[in-house]
Protein chains: 2
Amino acid sequence: MVTTIKEVAKKAGVSVATVSRVLNEKGYVNEDTRKNVLAAIEELNYRPNNVARSLFKKQSKTIGLIVPDINNPFFPQLARAVEDVTNEANFTVVLCNSDDKLEKEIGYFEMLQQNGADGVLFVSNTLKPEHINRFNFPIVALDRPLDSDIPFVTANNYEGAKLATNHLLDCGCKKIAHIRGPENVLNAEDRYRGFKDAALCRGVFDEELVISSSYQLDSAKKKAFQLLAKHPDIDGIFASNDVIAIGIIKTAEKLGYSIPENLMVAGFDGIQFGEIVSPELTTVAQPIYEMGSTAAEMLLKLIDGRLDVKKENVFNTELIPRQSTKL
Amino acid sequence: MVTTIKEVAKKAGVSVATVSRVLNEKGYVNEDTRKNVLAAIEELNYRPNNVARSLFKKQSKTIGLIVPDINNPFFPQLARAVEDVTNEANFTVVLCNSDDKLEKEIGYFEMLQQNGADGVLFVSNTLKPEHINRFNFPIVALDRPLDSDIPFVTANNYEGAKLATNHLLDCGCKKIAHIRGPENVLNAEDRYRGFKDAALCRGVFDEELVISSSYQLDSAKKKAFQLLAKHPDIDGIFASNDVIAIGIIKTAEKLGYSIPENLMVAGFDGIQFGEIVSPELTTVAQPIYEMGSTAAEMLLKLIDGRLDVKKENVFNTELIPRQSTKL
DNA sequence: ATAATATATGTAACCGGTTACACACGGTGT
DNA sequence: ACACCGTGTGTAACCGGTTACATATATTAT
């Protein structure tokens, strides 16, 4: 059996209320009594039961983190940031993989509510405000803002995409293509818009050279193959994320291109693995850890009832030129 | 306010006990009453409070997953497997990053106990039986077995290392080296033993050519540089894991080696990213997802009080020859 | 000297469920 | 007719904490 507050009270010769006061350092407790209680706690190796606490306080010190798939290398970094920040405040993180499926996401929200979670951090394209406005805990959207008044943290995808596109053009690319992310994903849309505007501005936009792919390696390889087979003279590709960019590099290599000599590639995200492909990937980096920690801090503030949180946090991106492009 | 069982009872004109019986499909309930209660639940959109449930039942349907660092690409796959399996059984996973620090690990164990976790799955080198035998929930060790009677799931590291070493030798390597993992990590030790025995057996073991590195990219690059600077005529390296192997490839490339022509490299783990380096990494793959799901299933069984679990689960590894070695 | 206040502690209600137990009713066996 | 059992439902204790409130004493202010 685990020791309970009653046993501690008995051992210390006081009531449970006094033990509770000592535990929470709340209310008046005589110094001697306090020491007795502390001694009893020590001796019995007592640890308060958080479930009981949560029930009364309606505060579980738990938050949910819903991501599409922790295997996608973007998310572990985010998860790590979230865990670091929330742990510091003695919160616990429940990890949920939604596979970007609406039912799973809603299921997780319900589960989290039932488990008394104090708040939820999520990355989703499918969730709409009406799905979550019935939940009475704070919510912060990460990476992909909702079209509502739900606070969010994201990167400036539009500007980042322009950065990458202009970089490719500055490097001398004449015929540039874009493999964009899924149609229903907002950041893919924003990056596409950035690409389009930058290309238009330099007079080289060609809708024919834009195709879409999921944010997965396999899909990216397939799409890259299609694109290059149809337009072998493409000399620059902006990929909507690093995974797609890596897929392009692997495929182009197989097709006999040499990068960056006759094909340049730029990605988006700044995941660690961009550095391990050969050639190393030029990319537009998001401050992933910082975004995660900011979102976590926002959520903690909201849980704390503070309303002084900035609802919209858009982080700047940074171009990191590496070997897959060359001036 | 969230609706409680009392409000449902009131609306349905019955007692809370009856509502509870309907919820749990336990005990006698008249069919008409049941329908009324269900209607009330539906109408009020009632969801039982799991915190209250947990308090009474002393069963929270939560497990902890403690890993060194979710950023290490080995662990997301494991985490995913664990989440998939436990979710199926309506369990929730609390993610904990220990950075392989004993205090953090113990801290997490205590936290999990306080939060009423039903069991813990962990990956650790530092934890000793005496640290965890005071916890009264089932525990399963993953990847790195403890020297005790705690059930575990791991890969056959020794045999896998032999596989890799023999493969390098079969490919014609004459002077093979090993960059092993950290001294205190059991799997690093086993893989080293496998390397040593295989090399000895073929008469090419040279202790000079074994150095150790942490399982991180930066460290691996540094160690690879040292090793190759000192022994430039090494023609084969077995790395204790894929991350180290990738570090070796990147460094060797920079030093002007061409792989696999004058240096071959083999890794261990079979992480996804082995396929994206150039040349693609020859590796000894562990069935990561299967190991994670097996461990999760074991834990669920133990939580369920079943004693028919196999305490020791050693998975076979498989050599996956790719471009970084060549016959 | 007396009221007001600070200190110290215990009792019991409460959080939202679950379930042991009591009780009532109808059918069956003898 | 009576015992017994299956069915159906409610009352209240319980899980392990927190805290409002009551009570008592010591200290300070007026």
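No experiment lies behind these values; they were computed from the predicted model shown.

**Comments concerning helix α8 (residues 157-170) of chain A**
Helical geometry note: an α-helix holds 3.6 residues per turn, so side chains three or four residues apart project in the same direction.
Residues and elements named next belong to chain A.
Argument step 1. With 14 residues, α8 should cover 20 Å at 1.5 Å per step; its first-to-last C-alpha distance of 20 Å lies within 8% of that length.
Argument step 2. By the criterion of burial, α8 is predominantly enclosed, with 10 of the 14 residues buried.
Argument step 3. G172 lies just past α8 and shows a positive phi near 105°.

**A few points about the protein's contact with DNA strand C**
Argument step 1. Within the structure, DNA strand C sits among 28 residues, and A17 and N30 of chain A together with I5, A17 and A52 of chain B are positioned closest to it.
Argument step 2. When contributions to the surface near DNA strand C are tallied by element, the ones reaching two or more residues are α2 (16-24) and α4 (50-57) of chain A together with α2 (16-24) and α4 (50-57) of chain B.
Argument step 3. A per-element tally of the surface near DNA strand C places α2 of chain B first, with 6 residues.

**Thoughts on the domain arrangement of chain A**
All names here are of chain A.
Argument step 1. Structurally, chain A comprises domain 1 (5-48), domain 2 (61-155 + 288-315) and domain 3 (157-287).
Argument step 2. Between domain 2 and domain 3, the C-alpha centre-to-centre distance is 29 Å.
Argument step 3. In this assembly, 13 residues from domain 2 lie in contact with 14 residues from domain 3.
Argument step 4. Residue contributions to the side of domain 2 that touches domain 3 peak at 4 residues, all from helix α12 (residues 288-303).
Argument step 5. Of the residues contributing to the side of domain 2 that touches domain 3, the split by class is 8 nonpolar, 2 polar and 3 charged.

**Here's the deal with the interface of chain A and chain B**
Argument step 1. Of the residues lining the interface, 36 residues belong to chain A; the matching set on chain B comes to 36 residues.
Argument step 2. Breaking the side of chain A that touches chain B down by element, the ones donating at least two residues are α4, α5 (74-88), β2 (92-97), α6 (102-114) and α11 (242-254) of chain A.

**Re the relation of the copies chain A and chain B**
Argument step 1. When chain A is fitted to chain B, the residual RMSD is 0.1 Å, and the transformation amounts to a turn of 180° plus an axial shift of 0.0 Å. Both chain copies can therefore be described as sitting about a two-fold axis.
Argument step 2. When the interface residues of chain A are mapped onto chain B, 100% of them again lie at the interface, so the same face is used by both copies.

**Quick word on the UniProt feature "domain: HTH lacI-type" (unreviewed entry) in chain A**
Argument step 1. Per the UniProt annotation, the sites labelled "domain: HTH lacI-type" (unreviewed entry) are residues 3-57 of chain A.
Argument step 2. In the segment residues 3-57 of chain A, helix accounts for 71% and strand for 0%; the C-alpha atoms at its two ends are 21 Å apart.

**A short note on the environment of Y257 of chain B**
Residue and element names in this part refer to chain B.
Argument step 1. With respect to the helices and strands, Y257 occurs in the loop between α11 (242-254) and β9 (264-269).
Argument step 2. Looking at Y257, the number of C-beta atoms within 10 Å reads 20, which means it is buried.
Argument step 3. For the pair Y257 and L228, spaced 29 residues apart in sequence, the C-alpha separation works out to 9.9 Å.

**Topic: the packing of α2 of chain B against helix α3 (residues 31-44) of chain B**
Residues and elements named next belong to chain B.
Argument step 1. Packing of α2 against α3 leaves a shortest axis separation of 10 Å and a crossing angle of 90°. On the basis of their axis angle, the class for α2 and α3 is roughly perpendicular. Every residue of α3 that contacts α2 at T18, V19 and V22 is listed here: T33, R34, V37 and L38.
Argument step 2. Looking at the contact of α2 with α3 residue by residue, the class counts come to 4 nonpolar, 2 polar and 1 charged.

**Brief notes about the protein's contact with DNA strand D**
Argument step 1. The environment of DNA strand D is formed by 28 residues, the closest being I5, A17 and A52 of chain A together with A17 and N30 of chain B.
Argument step 2. Sorting elements by how many residues they give to the surface near DNA strand D places α2 of chain A first, with 6 residues.
Argument step 3. Broken down by class, the residue content of the surface near DNA strand D amounts to 15 nonpolar, 9 polar and 4 charged.

**Some details on unusual backbone geometry**
Argument step 1. Cis geometry is adopted by the peptide bond preceding P260 of chain A, which originates at I259 of chain A and carries an omega value of 5°.
Argument step 2. Along the chain, P260 of chain A turns up in the loop between α11 and β9 (264-269).
Argument step 3. With an omega dihedral of -10°, the bond running from S278 of chain B to P279 of chain B counts as a cis peptide bond.
Argument step 4. Structurally, P279 of chain B can be placed in the loop between β9 and β10 (282-285).
Argument step 5. Unusually for a residue other than glycine, K58 of chain A sits at a positive phi of about 55°.
Argument step 6. Residue placement: K58 of chain A occurs in the loop between α4 and β1 (62-67).
Argument step 7. A tally of 11 C-beta atoms within 10 Å means that K58 of chain A is categorised as exposed.
Argument step 8. Phi is positive for D143 of chain B, which is not a glycine, with a value near 70°.
Argument step 9. Its place among the elements puts D143 of chain B in the loop between β4 (139-142) and β5 (152-155).

Cut-off values and rules
- Residues numbered from 1 in each chain as written.
- Chains lettered and ligands numbered in written order.
- Predicted model: local features only at pLDDT ≥ 70, side-chain atom pairs only at ≥ 80, totals over all residues.
- Helix = DSSP H or I, 4+ residues; strand = E, 2+ residues; numbered from the N terminus.
- Expected span 1.5 Å × (residues − 1).
- Buried ≥ 20, exposed ≤ 12 C-beta atoms within 10 Å, placed from the backbone.
- Near = placed C-beta within 6 Å.
- Domains from an automatic or database assignment.
- Contact = placed C-beta atoms within 7 Å.
- Nonpolar A, V, L, I, M, F, W, Y, C, P; charged D, E, K, R; others polar.
- Least-squares fit on C-alpha atoms with pLDDT ≥ 70 in both.
- UniProt positions renumbered as here; feature names shortened; annotations may be inferred.
- Axes fitted to C-alpha atoms, helices over the stretch in contact; angles between N-to-C directions.
- Parallel < 35°, antiparallel > 145°, perpendicular 65-115°, else oblique.

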